[in-house]
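Here is how the chains run, residue by residue.
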Amino acid sequence: MSRGTKAIININNLKHNFKVLSDLAPAKLVLVVKADAYGHGLKHIVSALDDADCFGVATIDEALTIKQVRSDARILLLEGFLNNDELKTAFDNDFDCVIHQDQQLDMLDNISTAKKMNIWLKYDSGMNRLGFTDRQYQAAISRLDKHDRVKEIILMSHLACADLKQNNFTAIQTERFLKLKTRQQVSLSNSSALLNKDHLTDEWCRVGLALFGVSPIAGTCAADYNLKAVMALKTNVIAIKQVDAGQGIGYSQKYKAQTDMKIAIIGIGYGDGFPWSLSQGAFVKLKNHKATIVGRVSMDMIAIDITAIENVELGDSVLIWGEDEDSQLPLETLASHANTIPYVLLCQITSRVHYQYDN
Ligand SMILES: Cc1ncc(COP(=O)(O)O)c(C=O)c1O
């Protein structure tokens, strides 16, 4: 028997999702693979996506990691460069860069290089995170138009509310952005906007979460959009116990068995990234049955109720999220029980979880 805590990454499902999203998009995709490809393993993911037009990352280190395995890939730094060294590295490696503030334009003015760079000029259409305001934006475009270090200018902005079903802010942001459309190439949509087919005008849609077979839109699952979960997180049963009615289970002993019950201890806890907030009430899947979490999530273990599940044995496999041969448990469901978003659960998987890549 082993603890068996592993993330199984299904490359066929990844490719399926890429095809579905490519078919949905009006033009090309930036595949957003920051944060270790949303916890799926950056090098493996980019190696599998031969036909990608562009990868988007947050940091220069992420961009350099992609370069190691895909020297030919077009790579966009979504926050651009933060200092002169990063700018030089970006030029040396032919990275595309977002520019969202004047300080970056100043750095670009002062760089000494013979190369040219593709610039994604970011407009703040209402998110109030990164980007130029209306007046600044026009000035930035004029400044870049004349710039001899600039290859192409792509206009971009980012949506704040596309994941909310009832919202009119996406339309407001789109309208503000398109008023400034003075270029052929624009980029606005994220996964939610693409799946909702919201106001799509992009030459470049930037998709992250949907690529991994998870829906960002509250109250929906990936299957609603013909997407398939790329990750299945699994562990094993490492102990089985009888608990008498009235006894407490786990830390703080707040959970008390209402009747005599049988529990399994499984090999995953918050030390692997499983959310502590799921202590009690949420469920995992064992032999295609729902098994409710009982008592507090520990660092390395969780207790689940198996009273109604027959023939459970040590070493049996437990599905935490995703899908395997006989069952499925959408990450979206677990995230909603944990009062969080799927992005967080994927990004907080810790290094002691083993990864297995299946084709
Ligand atoms: C600027 C930008 N574009 C696109 C994305 C992709 O978003 P999603 O994963 O919701 O598709 C992100 C993700 O955070 C982002 O920061």
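In the block above lies the structure referred to throughout.
Reading the values: rules and limits
- Residues numbered from 1 in each chain as written.
- Predicted model: local features only at pLDDT ≥ 70, side-chain atom pairs only at ≥ 80, totals over all residues.
- Heavy atoms only, no water.
- 1 Å grid on protein atoms, 1.4 Å probe; cavity = no way out; pocket = protein on both sides within 12 Å on 5 of 7 lines; lining within 4 Å.
- Points joined across faces, edges and corners; volume = space filled by probe spheres on them.
- Helix = DSSP H or I, 4+ residues; strand = E, 2+ residues; numbered from the N terminus.
- Nonpolar A, V, L, I, M, F, W, Y, C, P; charged D, E, K, R; others polar.
- Domains from an automatic or database assignment.
- Core = buried A, V, L, I, M, F, W, Y, C linked by side-chain atoms within 4.5 Å.
- Buried < 20%, exposed > 50% of the residue type's maximum accessible area, 1.4 Å probe, protein only.
- Contact = heavy atoms within 4.5 Å.
- Axes fitted to C-alpha atoms, helices over the stretch in contact; angles between N-to-C directions.
- Parallel < 35°, antiparallel > 145°, perpendicular 65-115°, else oblique.
- Near = heavy atom within 4 Å.
- Polar contact = N/O pair within 3.5 Å; in protein donor to acceptor, adjacent residues only side chain to side chain.
- Areas by Shrake-Rupley, 256 points an atom, 1.4 Å probe, with all protein chains shown as cover.
- Sits in = over half its atoms within 2 Å of the grid points.

*Asks:* Would you mind going over the layout of surface pockets with me for this structure?
*Replies:* Any empty space left between the atoms is revealed when a probe the size of a water molecule rolls over them. Taken as a whole, the largest pocket encloses approximately 830 Å³ of empty space. Considering the residues around the largest pocket, the lining is formed by 37 residues, among which H158, N190, S192, P216 and Y343 are closest to the centre. Taken together, the elements giving at least two residues each to the lining of the largest pocket come down to α2 (34–39), α9 (191–196), β9 (204–207), α10 (331–337) and α11 (342–347). The class makeup of the residues in the lining of the largest pocket is 19 nonpolar, 11 polar and 7 charged. When we break the lining of the largest pocket down by domain, the ones giving at least three residues each are domain 1 (11–217) and domain 2 (231–358). In this model, the second largest pocket occupies a volume close to 240 Å³. Lining of the second largest pocket is provided by 21 residues; of these, G213, A222, A229, E323 and P330 occupy positions nearest its centre. Of all the elements in the fold, those that place two or more residues in the lining of the second largest pocket are β17 (317–323), β18 (328–329) and α10. Looking at the lining of the second largest pocket, the element that brings in the most residues is β17, giving 3 residues.

*Asks:* Got a minute to help me understand the nonpolar core in this structure?
*Replies:* The nonpolar side chains of a soluble globular protein tend to be buried, and buried together. Ranked by size, the top nonpolar core spans 111 residues in total, and within it V33, L121, I304, I320 and W321 carry the most contacts. No fewer than three residues from each of domain 1 (11–217) and domain 2 (231–358) sit in this core. Setting aside anything within four residues of it in sequence, one finds L121 in contact with I99, F132, Y137, A140, I141, L144, I153, I154, L155 and M156. In terms of nonpolar packing, the next biggest core, distinct from the first, is built from 9 residues, A257, M261, I265 and A303 among them.

*Asks:* Looking at this model, I keep getting lost on the packing of helix α6 (residues 102–110) against helix α7 (residues 134–145). Mind explaining?
*Replies:* In a packed pair of helices, the relevant descriptors are the angle between the two axes and the axis-to-axis distance. Packing of α6 against α7 brings their axes to within 11 Å, and their N-to-C directions diverge by 10°. One finds that α6 runs roughly parallel with respect to α7. Touching D102, L105, D106, L108 and D109 of α6 are A140, R143 and L144, all from α7. For the contact of α6 with α7, the class distribution of residues is 4 nonpolar, no polar and 4 charged.

*Asks:* Just to check I follow, could you spell out the site of the ligand for this structure?
*Replies:* In the region of the ligand, 13 residues are neighbours, and K34, Y38, S191, G208 and Y343 sit closest. Here an oxygen atom of the ligand and a side-chain polar atom of K34 are 2.8 Å apart. Y343 is positioned such that a nitrogen or oxygen atom in its side chain is 2.6 Å from an oxygen atom of the ligand. When isolated, the ligand has an accessible area of 390 Å², and the protein chains bury 90% of it. In this structure, the ligand is accommodated by the largest pocket. At the level of secondary structure, the elements contributing two or more residues to the shell around the ligand comprise α2 and β9. Each residue belonging to the shell around the ligand can be placed in one class, and the counts come to 5 nonpolar, 4 polar and 4 charged.

Shape is all these values report; function is a separate question.
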